[in-house]
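Overview (structure and organization)
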Amino acid sequence: MNTDYDVLIIGAGISGIGMACHLASKCPEKRVTILERRDAIGGTWDLFRYPGIRSDSDMFSFGYAFRPWHDYKVLADGPSIRQYIADTAREYGVDQLIRFGVKIEDANWSTEQRRWTVNARHEDSGETSTFTCQYLIPCTGYYNHDRGYLPRFPGQERFGGLRIHPQHWPEDLDYRGKRVVVIGSGATAVTLVPAMADRAAHVTMLQRSPSYIFSVPAYDKISAVLDRVLPTQWVYAMARWRNIGLQRLIYKAAKRWPRRIRSWLLAHVEKQVGGGTDMHHFTPAYNPWDERLCAVPDGDLFTVIREGKASVVTDHIETFTENGILLKSGKVLDADIVVTATGLQLQSLGGMKLHVDGRQIDVSKVMTYKGVLLQDVPNFAYLFGYTNAPWTLKIDMAAAYVCRLMQHMDAEGFDMVTAHAPSGERLDESIMGSLQSGYVQRGQDVLPRQGRALPWRVLHNLEIDRGMLLKDTIADSVLEFKRAGTRVTASPAHRAGRRAVSA
């Protein structure tokens, strides 16, 4: 069995499959393999199996640019997304490149050998394997697949019912006729509540503070009509760029006119939930897009609240009891099942250790070049998507950039590239940007750092990234290229100085 490759991709989720497809079409001569810890394609979309699991971005913009999402359902369910990723892998032939059940323990770069040595363990047998490659590309996302974030609640051991974290949903859970409390107010919670409401006796969403919730159409009627008179390829291209444009417009408007967008969002919610509802439960203390907006298709959350199948309580937990939860206000929530939708536990590189010539790299102490290459780590790309737009928009561009970089190196005879930063560039903030979400704040110390200015600052800005990753020339003064046995520095920078740009 071959263990030496040109490119080793870690992860067969939406990012890893996207990277592999870009390589298959742009660098077909490269010998590529994908190492996947799970036993199936899909990553996040194979891991999460809770009721109602779906995208929180519309699928026209969340789908790959090179393979459009061919359905009119706007927020697709998890199984549909998993199937879309698998179908894409099959169409591009990269499903044959995957080795399943393999967890990466550590990766070691040797400048002398110009190779990565990757040590892995097969989870079913415990056996170890070693792989080597010229380029290493982790596509592992940013959270821990083994466990979610679960705070310790007072008295939780007294609770006689069932307590579940959505990341570890029991396959055979029967909640018919049960009283359910969902702790949380983020995307997972607003998905679970309407999904469980039809079968449960009642579902209560218990939140410490509200999030912005925005209703989007469940079905794209405009595209469905246009598809009758225009070529399908045109229809999906128009829908994709229309939705991307709308998302960017709302985000920029929220940053420029936060009070106006706040009023607009809250008026939208008030109209959906109907008169008599206490808007205190839907009025966040922060500005729009300080945390991600929660999208709900056709206002399904508001519908089950209006119908009395679900309710929202804003309070703090005093303690768990034998039969439910006692709140600080004195109110008691009776429950048979408590779902702790309390968020993610952040992690870099899937937890693997990284060394360069024997020196361990602390990912939280280095920056990223153009949001793709890791500072002072040769032949290494870390694919990381957007936090303020569909994840895959950035992944597509980053993958295209990596292919451009490899093509440039092959054309010039280089076998090593490293991004070096000037002193004083690093800031003590992570690449997640200005998001104030709890999981972001908890994970600040495990993610790469921000730089003061481009190309070391991650702006989460589609327009700037499109130029930087897809159009700017590859060689600049930041990248050091080498040929075997010689040291060759890149050509002068294609633009003088550094650009400081705000999103």
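Please refer to the structure placed before this passage.
Just so it is clear, the model here is predicted, and its values are computed rather than measured. (Residues numbered from 1 in each chain as written. Predicted model: local features only at pLDDT ≥ 70, side-chain atom pairs only at ≥ 80, totals over all residues. Heavy atoms only, no water.)

Focus: the packing of aromatic side chains
- Across all of its chains, the model carries 25 aromatic pairs by this definition.
- When the ring of Phe-48 is compared with that of Tyr-50, the centres are 6.0 Å apart and the planes differ by 75°; the resulting orientation is edge-to-face.
- Residue classification places Phe-48 among the buried residues on the basis of a relative accessible area of 9%.
- Of the residues examined, Tyr-50 reaches a relative accessible area of 6% and is grouped as buried. (Phe/Tyr/Trp six-rings, centres within 6.5 Å; stacked < 30°, edge-to-face > 60°. Buried < 20%, exposed > 50% of the residue type's maximum accessible area, 1.4 Å probe, protein only.)

Thoughts on the sheet that holds strand S7 (residues 162-164)
- Pairing is parallel in the open sheet, where 5 strands are placed in the order S7-S16-S8-S9-S12. Both outer strands of the open sheet, S7 and strand S12 (310-314), are each paired with one neighbouring strand and no more. Sheet twist, expressed as the average angle between the axes of neighbouring strands with direction ignored, equals 20°.
- Pairing of strand S8 (residues 179-183) with strand S16 (residues 337-340) involves 4 bridges; the strand directions are parallel. What sits directly across from Ile-183, in S16, is Thr-340. (Pairing = 2+ DSSP bridges. Helix = DSSP H or I, 4+ residues; strand = E, 2+ residues; numbered from the N terminus. Axes fitted to C-alpha atoms, helices over the stretch in contact; angles between N-to-C directions.)

Examining the packing of helix H1 (residues 14-26) against helix H10 (residues 391-412)
- Where H1 meets H10, the closest approach of the two axes is 9 Å, and the angle between their N-to-C directions is 35°. Relative to H10, the crossing made by H1 is right-handed. In this structure, H1 contributes Ile-14, Ser-15, Met-19, His-22, Leu-23 and Lys-26 to the contact, and H10 contributes Trp-391, Thr-392, Ile-395, Asp-396, Ala-399, Ala-400, Val-402, Cys-403, Met-406 and Gln-407.
- Of the residues in the contact of H1 with H10, the class split is 10 nonpolar, 4 polar and 2 charged. (Left-handed = near helix turned anticlockwise from the far one by under 90°. Contact = heavy atoms within 4.5 Å. Nonpolar A, V, L, I, M, F, W, Y, C, P; charged D, E, K, R; others polar.)

Considering the state of the cysteines
- Counted by the stated rule, this structure contains 0 disulfides.
- With no disulfide partner, Cys-21 has as its closest neighbouring cysteine sulfur the one in Cys-403, 10 Å distant. (Disulfide = S-S within 2.5 Å.)

A few points about the nonpolar core
- Counting residues in each nonpolar core, the largest one holds 147 residues, and the members touching the most others are Ile-17 and Trp-116.
- The element that contributes the greatest number of residues to this core is H10, accounting for 12 residues.
- In this structure, Ile-17 is in contact with Gly-11, Ala-12, Ile-34, Ile-41, Tyr-64, Ile-85, Ala-89, Val-94 and Ile-98, ignoring residues within four places of it in sequence.
- Formed by 13 residues, the second largest nonpolar core is a distinct cluster that contains Phe-153, Leu-206, Phe-320 and Leu-327. (Core = buried A, V, L, I, M, F, W, Y, C linked by side-chain atoms within 4.5 Å.)

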